[in-house]
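# Breakdown of the fold
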Amino acid sequence: MSARRARAEAPETSTAFPIAPRGEQGYRRADVDTFLGRARATYEGAGGEDPVTASELRRTSFPLVKAGYSARFVDAAVDRLEEIFFERERRAFVQEHGMGEWETEVRAIVADVRGRITRPRGKRFRRRGLFATGYKRSQVDAFIDRVTGLLDGSAPLSTGEVREVMFHTEWRGYDEDQVDALLDSVVELVLASR
(Lines give C-alpha, C1' and ligand atoms only; values in the text may rest on other atoms or scores of the structure.)
Protein backbone atom coordinates (compact mmCIF):
# COMPACT_ATOMS: atom_id res chain seq x y z
CA MET A 1 0.00 0.00 0.00
CA SER A 2 1.43 3.34 -0.87
CA ALA A 3 0.62 7.02 -1.36
CA ARG A 4 -2.98 7.94 -2.07
CA ARG A 5 -4.00 9.21 -5.54
CA ALA A 6 -7.25 11.04 -6.39
CA ARG A 7 -9.38 11.78 -9.40
CA ALA A 8 -11.02 15.17 -8.85
CA GLU A 9 -9.86 18.60 -9.97
CA ALA A 10 -10.77 21.79 -8.09
CA PRO A 11 -9.08 25.11 -7.29
CA GLU A 12 -6.70 25.07 -4.34
CA THR A 13 -8.39 27.25 -1.75
CA SER A 14 -7.87 25.72 1.69
CA THR A 15 -4.99 25.18 4.06
CA ALA A 16 -6.70 22.50 6.16
CA PHE A 17 -3.45 20.55 6.63
CA PRO A 18 0.23 21.46 6.94
CA ILE A 19 2.12 21.70 3.67
CA ALA A 20 4.75 19.02 3.08
CA PRO A 21 8.25 20.15 4.06
CA ARG A 22 10.52 21.55 1.38
CA GLY A 23 12.07 18.75 -0.63
CA GLU A 24 9.14 16.38 0.01
CA GLN A 25 6.05 15.90 -2.08
CA GLY A 26 2.57 16.06 -0.60
CA TYR A 27 -0.97 15.33 -1.68
CA ARG A 28 -2.51 17.67 -4.23
CA ARG A 29 -4.45 20.16 -2.12
CA ALA A 30 -7.37 20.65 -4.48
CA ASP A 31 -8.03 16.91 -4.65
CA VAL A 32 -7.88 16.50 -0.87
CA ASP A 33 -10.17 19.51 -0.30
CA THR A 34 -12.70 18.29 -2.88
CA PHE A 35 -12.82 14.76 -1.49
CA LEU A 36 -13.02 15.85 2.14
CA GLY A 37 -15.76 18.30 1.17
CA ARG A 38 -17.77 15.34 -0.13
CA ALA A 39 -17.01 13.43 3.07
CA ARG A 40 -18.17 16.37 5.19
CA ALA A 41 -21.40 16.63 3.20
CA THR A 42 -22.02 12.90 3.70
CA TYR A 43 -21.27 13.15 7.41
CA GLU A 44 -23.71 16.04 7.77
CA GLY A 45 -26.39 14.10 5.90
CA ALA A 46 -26.16 16.09 2.68
CA GLY A 47 -24.24 13.52 0.62
CA GLY A 48 -26.80 13.63 -2.16
CA GLU A 49 -26.39 11.09 -4.94
CA ASP A 50 -22.68 10.60 -4.32
CA PRO A 51 -22.21 9.86 -0.60
CA VAL A 52 -18.81 8.81 0.68
CA THR A 53 -18.55 5.37 2.31
CA ALA A 54 -16.03 3.81 4.68
CA SER A 55 -14.89 1.57 1.84
CA GLU A 56 -14.28 4.56 -0.44
CA LEU A 57 -12.33 6.30 2.32
CA ARG A 58 -10.13 3.19 2.68
CA ARG A 59 -9.39 3.07 -1.05
CA THR A 60 -9.00 6.80 -1.70
CA SER A 61 -5.65 7.98 -2.93
CA PHE A 62 -4.21 11.32 -4.00
CA PRO A 63 -1.40 12.29 -6.40
CA LEU A 64 1.87 13.54 -4.96
CA VAL A 65 2.95 17.05 -5.97
CA LYS A 66 5.31 19.77 -4.78
CA ALA A 67 3.81 22.03 -2.08
CA GLY A 68 0.99 19.56 -1.41
CA TYR A 69 -0.53 18.68 1.94
CA SER A 70 1.65 16.60 4.23
CA ALA A 71 0.67 12.99 3.50
CA ARG A 72 0.86 11.78 7.09
CA PHE A 73 -1.64 14.38 8.33
CA VAL A 74 -4.08 13.71 5.48
CA ASP A 75 -3.75 9.94 5.90
CA ALA A 76 -4.44 10.22 9.64
CA ALA A 77 -7.56 12.33 9.01
CA VAL A 78 -8.86 9.97 6.32
CA ASP A 79 -8.21 6.96 8.58
CA ARG A 80 -10.18 8.58 11.44
CA LEU A 81 -13.02 9.39 9.05
CA GLU A 82 -13.07 5.81 7.83
CA GLU A 83 -13.49 4.54 11.39
CA ILE A 84 -16.33 7.01 12.04
CA PHE A 85 -18.10 6.16 8.77
CA PHE A 86 -17.62 2.41 9.34
CA GLU A 87 -19.24 2.63 12.77
CA ARG A 88 -22.16 4.67 11.40
CA GLU A 89 -22.64 2.18 8.57
CA ARG A 90 -22.44 -0.74 11.02
CA ARG A 91 -25.11 0.81 13.27
CA ALA A 92 -27.38 1.47 10.29
CA PHE A 93 -26.90 -2.11 9.05
CA VAL A 94 -27.70 -3.58 12.49
CA GLN A 95 -30.74 -1.34 12.82
CA GLU A 96 -32.06 -2.42 9.43
CA HIS A 97 -31.05 -6.11 9.39
CA GLY A 98 -30.39 -7.05 13.01
CA MET A 99 -27.30 -8.10 14.95
CA GLY A 100 -27.52 -11.70 13.73
CA GLU A 101 -27.12 -10.61 10.12
CA TRP A 102 -24.17 -8.39 11.09
CA GLU A 103 -22.47 -11.31 12.81
CA THR A 104 -23.03 -13.39 9.66
CA GLU A 105 -21.31 -10.66 7.62
CA VAL A 106 -18.34 -10.60 10.02
CA ARG A 107 -18.06 -14.41 9.94
CA ALA A 108 -17.95 -14.23 6.12
CA ILE A 109 -15.05 -11.76 6.30
CA VAL A 110 -13.23 -14.02 8.79
CA ALA A 111 -13.77 -17.02 6.51
CA ASP A 112 -12.39 -15.14 3.49
CA VAL A 113 -9.32 -13.94 5.39
CA ARG A 114 -8.71 -17.32 7.02
CA GLY A 115 -9.04 -19.07 3.64
CA ARG A 116 -6.24 -16.91 2.23
CA ILE A 117 -3.86 -16.92 5.18
CA THR A 118 -3.96 -20.67 5.78
CA ARG A 119 -2.35 -21.29 2.40
CA PRO A 120 1.35 -22.23 2.45
CA ARG A 121 3.93 -19.45 2.65
CA GLY A 122 4.95 -18.34 -0.83
CA LYS A 123 1.59 -19.47 -2.28
CA ARG A 124 -0.91 -17.29 -0.47
CA PHE A 125 -1.55 -15.03 -3.47
CA ARG A 126 -1.26 -15.20 -7.24
CA ARG A 127 2.28 -14.46 -8.43
CA ARG A 128 2.97 -11.89 -11.09
CA GLY A 129 4.14 -12.93 -14.55
CA LEU A 130 7.70 -13.73 -15.53
CA PHE A 131 8.55 -10.14 -16.47
CA ALA A 132 6.47 -8.33 -13.85
CA THR A 133 7.12 -7.17 -10.32
CA GLY A 134 4.87 -7.64 -7.34
CA TYR A 135 5.02 -7.40 -3.56
CA LYS A 136 7.94 -9.25 -2.02
CA ARG A 137 6.55 -12.62 -0.99
CA SER A 138 8.61 -13.04 2.19
CA GLN A 139 7.52 -9.63 3.52
CA VAL A 140 3.85 -10.23 2.75
CA ASP A 141 3.99 -13.69 4.32
CA ALA A 142 5.62 -12.28 7.47
CA PHE A 143 2.83 -9.72 7.79
CA ILE A 144 0.17 -12.36 7.10
CA ASP A 145 1.59 -14.34 10.01
CA ARG A 146 0.69 -11.34 12.19
CA VAL A 147 -2.86 -11.47 10.82
CA THR A 148 -2.98 -15.11 11.91
CA GLY A 149 -2.20 -13.90 15.44
CA LEU A 150 -5.12 -11.49 15.20
CA LEU A 151 -7.54 -14.25 14.22
CA ASP A 152 -6.44 -16.68 16.92
CA GLY A 153 -6.37 -13.94 19.55
CA SER A 154 -2.67 -14.25 20.35
CA ALA A 155 -1.55 -10.89 18.97
CA PRO A 156 -3.53 -7.67 18.56
CA LEU A 157 -3.28 -5.76 15.30
CA SER A 158 -4.44 -2.18 14.85
CA THR A 159 -5.99 -0.64 11.76
CA GLY A 160 -3.02 1.73 11.63
CA GLU A 161 -0.56 -1.15 11.43
CA VAL A 162 -2.51 -2.67 8.55
CA ARG A 163 -2.93 0.61 6.70
CA GLU A 164 0.71 1.62 7.04
CA VAL A 165 2.34 -1.66 6.06
CA MET A 166 4.55 -1.34 3.00
CA PHE A 167 6.19 -4.06 0.96
CA HIS A 168 9.17 -3.94 -1.36
CA THR A 169 8.77 -5.35 -4.84
CA GLU A 170 10.47 -8.28 -6.52
CA TRP A 171 10.24 -10.08 -9.84
CA ARG A 172 7.32 -12.51 -9.84
CA GLY A 173 6.16 -11.21 -6.47
CA TYR A 174 2.64 -11.43 -5.15
CA ASP A 175 -0.12 -9.71 -7.11
CA GLU A 176 -0.59 -6.29 -5.48
CA ASP A 177 -4.35 -6.15 -6.06
CA GLN A 178 -4.94 -9.45 -4.26
CA VAL A 179 -2.75 -8.45 -1.31
CA ASP A 180 -4.37 -5.02 -1.06
CA ALA A 181 -7.86 -6.60 -1.16
CA LEU A 182 -6.92 -8.87 1.74
CA LEU A 183 -5.52 -5.93 3.70
CA ASP A 184 -8.82 -4.09 3.15
CA SER A 185 -10.67 -7.12 4.55
CA VAL A 186 -8.35 -7.20 7.55
CA VAL A 187 -9.06 -3.51 8.25
CA GLU A 188 -12.78 -4.26 8.06
CA LEU A 189 -12.32 -7.18 10.42
CA VAL A 190 -10.42 -5.11 12.96
CA LEU A 191 -13.05 -2.36 12.80
CA ALA A 192 -15.90 -4.88 13.07
CA SER A 193 -14.41 -6.57 16.12
CA ARG A 194 -14.25 -3.39 18.23
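Here the structure is shown first, and the text comes after it.
Residues numbered from 1 in each chain as written. Predicted model: local features only at pLDDT ≥ 70, side-chain atom pairs only at ≥ 80, totals over all residues. Heavy atoms only, no water.

The next thing to look at is the packing of helix 4 (residues 99-117) against helix 7 (residues 176-192). At a closest axis distance of 10 Å, the pairing of helix 4 and helix 7 adopts a crossing angle of 140 degrees. As judged from the angle between their axes, helix 4 and helix 7 are oblique. For helix 4 against helix 7, the interelement crossing comes out left-handed. Only Gln-178, Leu-182, Ser-185, Val-186, Glu-188, Leu-189 and Ala-192 of helix 7 make contact with helix 4, whose side of the interface consists of Trp-102, Val-106, Ile-109, Val-110, Val-113, Arg-116 and Ile-117. Looking at the contact of helix 4 with helix 7 residue by residue, the classes come out as 10 nonpolar, two polar and two charged. (Axes fitted to C-alpha atoms, helices over the stretch in contact; angles between N-to-C directions. Helix = DSSP H or I, 4+ residues; strand = E, 2+ residues; numbered from the N terminus. Parallel < 35°, antiparallel > 145°, perpendicular 65-115°, else oblique. Left-handed = near helix turned anticlockwise from the far one by under 90°. Contact = heavy atoms within 4.5 Å. Nonpolar A, V, L, I, M, F, W, Y, C, P; charged D, E, K, R; others polar.)

A few words on unusual backbone geometry. With a phi close to 60 degrees, Ala-67 is a non-glycine residue in the positive phi region. Within the element layout of this structure, Ala-67 appears in the loop between strand 2 (64-66) and helix 3 (71-97). Unusually for a residue other than glycine, Arg-172 sits at a positive phi of about 60 degrees. Examined against the element boundaries, Arg-172 turns out to sit in the loop between strand 4 (169-171) and helix 7.

Now for the packing of aromatic side chains. Throughout the structure, instances matching the rule amount to nine aromatic pairs. Relative to Phe-62, the ring of Tyr-27 lies with its centre 5.5 Å away and its plane at 50 degrees, an arrangement referred to as tilted. Linking Tyr-27 in strand 1 (residues 25-27) with Phe-62 in the loop between helix 2 (54-59) and strand 2, this pair joins segments that are 35 residues apart in sequence. Given the relative accessible area of 1%, Tyr-27 is considered buried. A residue is classified by how much of its surface remains accessible, and Phe-62, at 0% relative accessible area, is buried. When the centroid spacing of 5.2 Å and the interplanar angle of 55 degrees are considered together, the rings of Tyr-135 and Phe-167 count as tilted. Highlighted residues: Tyr-135 in strand 3 (residues 133-135) and Phe-167 in the loop between helix 6 (159-164) and strand 4, separated in sequence by 32 residues. The same class applies to Tyr-135 as to Phe-167, namely buried. In textbook terms, an aromatic cluster arises when at least three aromatic residues are bridged by ring pairs, as seen for Tyr-27, Phe-35 and Phe-62. (Phe/Tyr/Trp six-rings, centres within 6.5 Å; stacked < 30°, edge-to-face > 60°. Buried < 20%, exposed > 50% of the residue type's maximum accessible area, 1.4 Å probe, protein only.)

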